[in-house]
Amino acid sequence: MATRVTSRREGIAHADEELLRSLGYKQEFRREFTGLETFGIAFSIIGLLPSIASVLFYSVPNGGPAAMVWGWAVASFFILLVGMSMAELASAAPTSGGLYFWTHSLSSPRWRNLLAWIVGYANTIGSIASIASIDWGCAVQVMAAATIGSADQSFSPTSAQTFGVYVAIVLSHAVICCLGTKALARLQTVYVVLNVLLCLAVIIALPAATPKEFMNSADFAFGNFSNFNGWTNGFAFILSFLAPLWTICSFDSSVHISEEAANAAVVVPWAIVYAIGIAGILGWAINVSLAFCMGTDLTDIIASDQPMAQIFFNSFGQKGTLAVWAVVVIVQYMMGSSMVLAASRQTFAFSRDGALPFSGWLYRMNGFTKTPVNTVWFVCGWSIILGMLSFAGTQAINAVFALSVVALYVAYSIPIAARFLGTNDFTPGPFNLGWWSRPVGFTAVVWMTFMGIVFLFPTSPQTDIADMNYTIVVLGGVLVLSLIWYYFPVYGGVHWFTGPIPTVEKEVHGSGSASPELGSESIEKGGEKNVLVSENV
């Protein structure tokens, strides 16, 4: 029996390596992630309860209980469509580059280089913004615990104090993500178990512990719509979608560890679909529980530093809240760790193809851990810089949450659209929607385009410089700078960027059909570039 299991594992490993070679890349990572652990990285980044805690300030003022419950249900359905479309691409070409690799492979020859460049940078800034938003949420939760634990809840953290905690969290994640692949993979199982147990505990314990004065009727929980920000009710309801969209996001993380997952063509797509589906159901149950137990004084909840912490305090009291909140903070911390892991792999893949500044330094494997340590510190360093928006005001740092969604939706939508609009010979993998691929993909792209525009709006129609939405400033600035570099005379990417660079012998290409339309020009120039990169490793 042991021999048969070993033989099967070796067969899967060989198939994974051959598929990766057909896409143009050699096997550089150790494939230590099992199916559960591949699911775990996406599910742990979603986070659910701590994620919902981080973005309640979007849903409560923009519709109250009705927006929390029904906004989550509506958004979750469309997010699942996005995930299913991405899963099809991940099954056909499971590589760490993922989104920009698919974009280049599926787009028309005239536009493939530029579109791959844009998607790569949008994915990079989106991943870094996700680290920043998750870890900032964790820092706020730590400070909320300090406030709850202080005498008469009198402690009020300053921006500098919260930023200091944030920096410490980011740096500790950098240290963790420098570990070997096997250790990082095993951590995902722990994250999944803690995450699910925390969700179930709150869904059951919160209604049981909430005093009668804070318990709401079904009419209030499912039907009360409270609009505090000044937009029309319809638009406010749409703005409340940021809570589920930010929570159930970054599921491309499973894609970015494709080269570390066993049986990637099957495991990665199902990890995406299962993570979104389970998160949608459990998240809806959490929001229903909160809606029944939050009381009717929404103004007091909105005015608090941490809305969910205030709901817990009203239900569990000081000691009970601190006990539950400690677990919330731990799970949120785990989310950040998984996000750094995924972002570092995406950055490694993008630098492998020479598109990032200092790619020669970024595209290096640590000789001891066999992981890309340089890209770990790169994404964490930029996350700290992005966190400095906190000194520009509450709305400025809150824009990081919208930024992560909008940037990632730019990166998600282009390859999905390119599959159906570009000139390509797409060959589906084991995960395939069949006839439904086109309508699901079309709906997903329209949804992401619409929501990407919506999230550029400020919190209220009456705004000023301090309260504006800085998403367009940060994302627009990064994309504009990336385009300036692309078209820069003589040295710009337009003169040398040809998309994914093969890291295997040229004759290997064409041996598989999972990589559609990988141009011969890219192979020739990529082969020359690969010699330089390999010498730097």
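For clarity, every value in this text was computed on a predicted model and none was experimentally measured.

So, how was this worked out
- The residue numbering used here restarts from 1 in each chain and proceeds along that chain's sequence as written.
- Given that the model is predicted, a residue must reach a pLDDT of at least 70 before its local features are reported, and side-chain atom pairs must reach 80 or more before they are shown or counted; all residues, however, enter totals for whole chains, interfaces and linings.
- Side-chain figures throughout are based on the complete set of non-hydrogen atoms in the structure, without hydrogens or water.
- Every helix listed is a DSSP run of H or I at least four residues long, and every strand listed is a run of E at least two residues long, numbered separately from the N terminus.
- In this description the radius of gyration comes from C-alpha coordinates, and the expected globular size is given by 2.2 Å times residues to the power 0.38.
- Working definition: with a 1.4 Å probe on protein chains only, accessible area under 20% of the residue-type maximum means buried, over 50% means exposed, and in between means partly exposed.
- By definition, residues are in contact when any of their heavy atoms lie within 4.5 Å.
- Here, Shrake-Rupley sampling with a 1.4 Å probe gives the accessible areas, and only protein chains in the shown set may cover a residue.
- By definition here, a helix of n residues has an expected span of 1.5 Å times n minus one.
- Taking the helix axis as origin, the arc is that swept by the directions to the C-beta atoms.
- Only Phe, Tyr and Trp rings take part, Trp by its six-membered ring, and two of them pair if their centres are within 6.5 Å. Stacked means planes under 30 degrees apart, edge-to-face means over 60, and tilted covers everything else.
- Pairs of N or O atoms are called polar contacts if they sit within 3.5 Å, as long as, within protein, a hydrogen donor faces a hydrogen acceptor (for residues adjacent in sequence, only side-chain-to-side-chain pairs).
- Nonpolar cores are built from buried Ala, Val, Leu, Ile, Met, Phe, Trp, Tyr and Cys residues. Side-chain atoms within 4.5 Å join them into one set.
- Geometry is summarised by axes, namely lines fitted to C-alpha atoms with helices restricted to the contacting stretch, and by angles between N-to-C directions that run from 0 to 180 degrees.
- Any angle that is under 35 degrees is reported as roughly parallel, and any over 145 degrees as roughly antiparallel; angles of 65 to 115 degrees are reported as roughly perpendicular and all others as oblique.
- Here a crossing is taken to be left-handed if its near helix is turned anticlockwise relative to the far helix by less than a right angle, and right-handed if that turn runs clockwise.
- Charged residues are taken to be Asp, Glu, Lys and Arg, nonpolar residues to be Ala, Val, Leu, Ile, Met, Phe, Trp, Tyr, Cys and Pro, and polar residues to be all remaining types, Gly included.
- Here, a salt bridge means any Lys or Arg side-chain nitrogen found within 4 Å of an Asp or Glu carboxyl oxygen.
- Working definition for bend: take the seven residues up to and ending at a residue and the seven starting at it, fit an axis to each, and measure the angle between the axes.
- Each residue carries a pLDDT score, the predictor's confidence in it, ranging from 0 to 100.
- Pairs of cysteine sulfur atoms within 2.5 Å are what we label disulfides.

## Some details on the overall build of the protein chain
Scanning the protein chain for helices and strands turns up 21 helices and two strands. Its C-alpha atoms give the protein chain a radius of gyration of 23 Å, within 12% of the compact-globule value 24 Å for 537 residues. Dimensions of the protein chain, computed from C-alpha atoms along their principal axes, come out at roughly 75 × 60 × 45 Å. Classification of the 537 residues of the protein chain by burial places 58% in the buried group. Put simply, of all contacts in the protein chain between residues at least 6 apart along the chain, 84% involve residues at least 24 apart. Per element, the accessible surface of the protein chain, about 20100 Å² overall, is 66% carbon and sulfur.

## Re helix α20 (residues 471-486)
Under the 1.5 Å per step criterion, the end-to-end length of α20 is 22 Å for 16 residues, consistent within 8% with the ideal 22 Å. Of all the residues in α20, the buried ones are Thr-471, Val-474, Leu-475, Leu-479, Ser-482 and Tyr-486. All buried residues of α20 lie within an arc of 115° about the axis, which places them on one face of the element. Of the surrounding elements, those touching the buried residues of α20 are α6 (112-149), α17 (373-387) and α18 (394-421).

## Here we look at the environment of Glu-88
Looking at where Glu-88 falls in the secondary structure, it is placed in helix α4 (residues 64-92). Glu-88 sits 328 residues away from Ile-416 along the chain, and the two C-alpha atoms are 9.3 Å apart. Aside from chain neighbours lying at most four places away, what touches Glu-88 is Arg-419, Phe-426, Phe-431, Asn-432, Leu-433, Gly-434 and Ser-437.

## Here we look at the packing of aromatic side chains
The full count for this structure, using the stated rule, is 39 aromatic pairs. Taking 5.3 Å as the distance between ring centres and 40° as the angle between the ring planes, the aromatic pair formed by Trp-117 and Tyr-121 counts as tilted. Of this pair, Trp-117 and Tyr-121 both sit in helix α6, four residues apart, roughly one helical turn. Tyr-121 shares its class with Trp-117; the two are buried.

## Some words on the side chain of Asn-216
For Asn-216, the location among the structural elements is in the loop between α8 (181-209) and α9 (218-223). For Asn-216, a relative accessible area of 9% gives the class buried. In this structure the side chain of Asn-216 is engaged in a polar contact, spanning 2.9 Å, whose partner is the backbone oxygen of Ala-291. Polar side-chain contacts of Asn-216 include one of 3.2 Å to the backbone oxygen of Gly-295. Beyond its immediate stretch of four places on either side in the chain, Asn-216 contacts Ala-291, Phe-292, Cys-293, Met-294, Gly-295 and Thr-296.

## Some points on the nonpolar core
Ranked by size, the top nonpolar core spans 156 residues in total, and within it Trp-102, Leu-245, Leu-290, Phe-312, Tyr-412 and Phe-455 carry the most contacts. For Phe-312, the residues in contact, after removing those within four places along its chain, are Leu-49, Val-202, Leu-206, Leu-290, Gly-317, Thr-321, Val-324, Trp-325 and Val-328. With six residues, the next largest nonpolar core counts Ala-87, Phe-431, Leu-433 and Val-440 among its residues.

## Some details on the packing of α4 against helix α19 (residues 437-454)
Taken N-terminus to C-terminus, the directions of α4 and α19 make an angle of 120°; their axes are 9 Å apart at the nearest point. The pairing of α4 with α19 is recorded here as oblique in orientation. Considering how the two elements wind past one another, α4 and α19 form a crossing that is left-handed. Along the contact surface, α4 presents Ala-75, Phe-78, Ile-79, Leu-81, Val-82, Ser-85 and Glu-88, while α19 presents Ser-437, Val-440, Gly-441, Thr-443, Ala-444, Trp-447 and Met-448. Split into classes, the residues belonging to the contact of α4 with α19 amount to nine nonpolar, four polar and one charged.

## Comments concerning the pattern of salt bridges
Enumeration according to the criterion identifies five salt bridges in this entry. The residue Arg-345 makes a salt bridge to Glu-260 at a minimum N-O spacing of 2.9 Å. Residue Arg-345 is found in helix α15 (residues 307-352), and its partner Glu-260 is found in the loop between α12 (253-256) and α13 (264-293); the two are separated by 85 residues along the sequence. You can call Glu-260 buried: its relative accessible area is 0%. Via salt bridges that share partners, Glu-28, Glu-259 and Arg-352 belong to a single interconnected network.

## Regarding α15
With 46 residues, α15 should reach 68 Å at 1.5 Å per residue; the first-to-last C-alpha distance of 42 Å falls well below that figure. Approximately 120° is the largest bend angle found in α15, and it occurs at Gly-317. α15 sits mainly inside the fold: 33 of its 46 residues count as buried. Positioned one or two residues after α15, Gly-354 has a phi angle of 75°, which is positive.

## Here's the deal with the confidence of the model for the protein chain
For any part of a model where pLDDT is low, the fine detail of the predicted coordinates should not be relied upon. Averaged over all residues, the pLDDT of the protein chain equals 85, while 92% of them reach at least 70. A low-confidence stretch, residues 506-537 (pLDDT under 50), is modelled with 55 contacts involving residues beyond four sequence positions or located in other chains.

## Focus: the state of the cysteines
In a disulfide, the sulfur atoms of two cysteines are covalently bonded to one another. Evaluation of the coordinates by the stated rule reveals zero disulfides. Among the cysteines around Cys-178, which has no disulfide bond, Cys-177 carries the closest sulfur, lying 7.5 Å off. The structure places no disulfide on Cys-380, whose sulfur is separated from the nearest cysteine sulfur, that of Cys-177, by 6.7 Å.

## What about the packing of helix α2 (residues 35-46) against α13?
Direction vectors running N to C along α2 and α13 enclose 40°, while the axes themselves pass 8 Å from each other. The angle between α2 and α13 falls in the class oblique. When you trace α2 past α13, the crossing you get is right-handed. Residues Gly-35, Thr-38, Phe-39, Ala-42, Phe-43 and Ile-46 of α2 pack against Val-267, Val-268, Ala-271, Tyr-274, Ala-275, Ile-276, Ile-278, Ala-279 and Leu-282 of α13. Tallied by class, the residues present in the contact of α2 with α13 amount to 13 nonpolar, two polar and no charged.

## Regarding the environment of Asn-113
Relative to the helices and strands, Asn-113 resides in helix α6. Overall, Asn-113 belongs to the partly exposed group, its relative accessible area being 22%. Note: C-alpha distance between Asn-113 and Leu-239 (126 residues apart in sequence) is 34 Å. Apart from the residues within four sequence positions on either side, Asn-113 is in contact with His-104, Tyr-486, Phe-497, Thr-498 and Gly-499.

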